[in-house]
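Chain by chain, the residues run as shown.
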Amino acid sequence: MKHWVQIAASVVVALLPLTVHADFRQWLVEHAREGVRIDLGTREETALSEYLGQNSLESQGTQFSEMRPPSHAGWHSGSLEFSGSESYLIARTIKEAPFFEEVSVGFWIKPDFTMFEASRQSRFIVSKSASVEAGFFVSVTAQKGISVGLVTNAGFHSLNVPGVLENYRWHHVGFTWNGSELQLYVDGKKQGEPKAATGTYHDYKAGYLTFGRAASLPVNFYKGLISDFILVPQAYQP
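Rules of the game
Per chain, the residues get numbers from 1 upward, laid out in the order the sequence is written. Predicted model: local features are reported for residues with pLDDT of at least 70 only, side-chain atom pairs are reported and counted for 80 or more only, and whole-chain, interface and lining totals are derived from all residues. No hydrogens and no water enter the side-chain calculation; it runs on all heavy atoms of the structure. Numbering of helices and strands starts at the N terminus; helices are DSSP runs of H or I of at least 4 residues and strands are runs of E of at least 2. Contacts: residue pairs with any heavy atoms within 4.5 Å of one another. As used in this structure description, the phrase polar contact means that two N or O atoms lie within 3.5 Å; if the pair is within protein, one of them must be able to donate a hydrogen and the other to accept it, and residues adjacent in sequence are counted only when both atoms belong to side chains. Classification of ring pairs uses Phe, Tyr and Trp, with its six-membered ring standing for Trp, and accepts pairs whose centres are within 6.5 Å; under 30 degrees between planes counts as stacked, over 60 as edge-to-face, and the remaining range as tilted. Three exposure classes are used, based on accessible area relative to the maximum for each residue type with a 1.4 Å probe and protein chains only: buried under 20%, partly exposed in between, and exposed over 50%. By salt bridge we mean one thing: a side-chain nitrogen of Lys or Arg within 4 Å of a carboxyl oxygen of Asp or Glu. We call a set of buried residues a nonpolar core when its members are Ala, Val, Leu, Ile, Met, Phe, Trp, Tyr or Cys and they connect through side-chain atoms within 4.5 Å of each other. Two strands are counted as paired when DSSP detects at least two bridges linking them.

Draft legend 1. Structural context of the overall build of the protein chain. Assigned secondary structure in the protein chain consists of 2 helices and 16 strands. A sequence separation of at least 24 residues applies to 69% of the contacts in the protein chain between residues at least 6 apart.

Right, here's the structure in full:
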């Protein structure tokens, strides 16, 4: 059964000059108004059925959780739980990419690594991707790592850092791309070495921003919690 879930999101075309911050998490929160922010959590004591009925975005197999990450923002009041099987959320208001030359993306997750008991494939946390052909994605791997993929007119670029996550513990994860390099961040700090990624972003124009599975196919479902997604169309520079 499909449901609809309300999220708060805004896209601003005219950008203000951005300052830098030593912590990637805080920087994203400070600049959220210049990009897209999606609250994957409850608001006060709104009933799930009411909350789902008011929205314009598609959700299936998900439920609200009162567990919230240790966010600096205090903006949300919970998170969205994904079951790891036929569970996803599609942000149908976000089909056109709000960036082309650089971007910073981050969000909170609390992964349940039992999702890998039946398969060792990576599981998509967020995706606006058609495999290596177009778009971008962030996934969690069976090695308790984070992987990001990004397609430009120069080809497919990926970066994977294993062993940076703990089972069922809150982590802030994300990446930044400055038009020439990809860099992963976990809990506000840089992880691994940057990966060359030149070119102009090649959007997956047929796909919507999708949480909990691949955007192009109903596969590789994520299990765990997700909260407070932020995308800023600027590169983070510590």
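Draft legend 2. Spatial organisation of the side chain of Arg-213. When you line up the elements, Arg-213 lands in the loop between strand E15 (209-211) and strand E16 (223-232). In terms of polar contacts, Arg-213 uses its side chain to reach the backbone carbonyl oxygen of Leu-217, at 3.3 Å. Setting aside residues up to four positions removed in sequence, Arg-213 forms contacts with Tyr-88, Ile-90, Phe-124, Ser-127, Pro-218, Val-219, Asn-220 and Phe-221.

Draft legend 3. Layout of the packing of aromatic side chains. Across all of its chains, the model carries 14 aromatic pairs by this definition. Judged by centre distance (6.1 Å) and plane angle (20°), the rings of Phe-107 and Phe-229 are stacked. With a gap of 122 residues between them, Phe-107 in strand E7 (residues 103-111) and Phe-229 in strand E16 connect regions that are remote in the sequence. Under the relative-accessibility criterion, Phe-229 is labelled buried at 0%. A centroid spacing of 5.2 Å and a plane angle of 80° characterise the contact between Phe-124 and Phe-137, whose relative ring orientation is edge-to-face. Of this pair, Phe-124 sits in strand E8 (residues 123-129) while Phe-137 sits in strand E9 (residues 135-140), placing them 13 residues apart in sequence. Accessibility expressed as a relative area gives 12% for Phe-124, which makes it buried. Taken together, the ring pairs connect Phe-24, Trp-27, Tyr-185 and Tyr-236 into an aromatic cluster.

Draft legend 4. How the structure looks around unusual backbone geometry. The phi dihedral of Asp-187 is positive, around 55°, even though this residue is not glycine. Note on placement: Asp-187 falls in the loop between strand E13 (181-186) and strand E14 (189-196). Although it is not a glycine, Asp-228 sits at a positive phi angle of roughly 55°. Its location among the elements puts Asp-228 in strand E16.

Draft legend 5. Highlighting the pattern of salt bridges. In the structure shown here, the tally under the stated rule is 5 salt bridges. When the shortest N-O distance is used, the salt bridge between Asp-112 and Lys-223 registers 3.7 Å. With Asp-112 in the loop between E7 and E8 and Lys-223 in strand E16, this pair connects stretches of sequence that are 111 residues apart.

Draft legend 6. Molecular detail of the side chain of Ser-65. The residue Ser-65 is located in strand E4 (residues 62-65) in this model. Among the polar contacts made by the side chain of Ser-65, one reaches the main-chain amide nitrogen of Met-67 at a distance of 3.1 Å. Those residues within four positions of Ser-65 in sequence are excluded, and the remaining contacts are Gly-78, Ser-79, Glu-81 and Leu-225.

Draft legend 7. How the structure looks around the nonpolar core. Counting residues in hydrophobic clusters, the biggest one holds 45 residues, and the most contacted among them are Phe-175 and Phe-211. Apart from residues no more than four positions distant in its own chain, Phe-211 is found in contact with Ile-38, Leu-40, Phe-82, Tyr-88, Leu-89, Ile-125, Val-126, Ile-226 and Phe-229. Core analysis: the next-biggest nonpolar cluster, separate from the first, contains 8 residues, Trp-27, Ala-32, Val-232 and Tyr-236 among them.

Draft legend 8. Seen up close, the environment of Gly-78. By the secondary structure assignment, Gly-78 is in the loop between E4 and strand E5 (79-83). Since its relative accessible area comes to 0%, Gly-78 is described here as buried. Taking the C-alpha atoms as reference points, Gly-78 and Met-67, 11 residues apart in sequence, are found 5.3 Å from one another.

Draft legend 9. Just the environment of Ser-65, in detail. On the basis of relative accessible area, Ser-65 is assigned to the buried category, the value being 8%. The spacing of Ser-65 and Gly-78 is 13 residues in sequence and 5.7 Å in space, taken between C-alpha atoms.

Draft legend 10. The pairing of E16, seen in detail. Counting buried positions along E16 gives 9 out of 10 residues, so the element sits mostly inside the fold. Pairing of E5 with E16 involves 4 bridges; the strand directions are antiparallel. Among the inter-strand pairings, Ser-83 is bridged to a residue of E16, identified as Lys-223. Across 7 bridges, the pairing between E7 and E16 is antiparallel. Paired with Trp-108 across the strands is Ser-227, a residue of E16.

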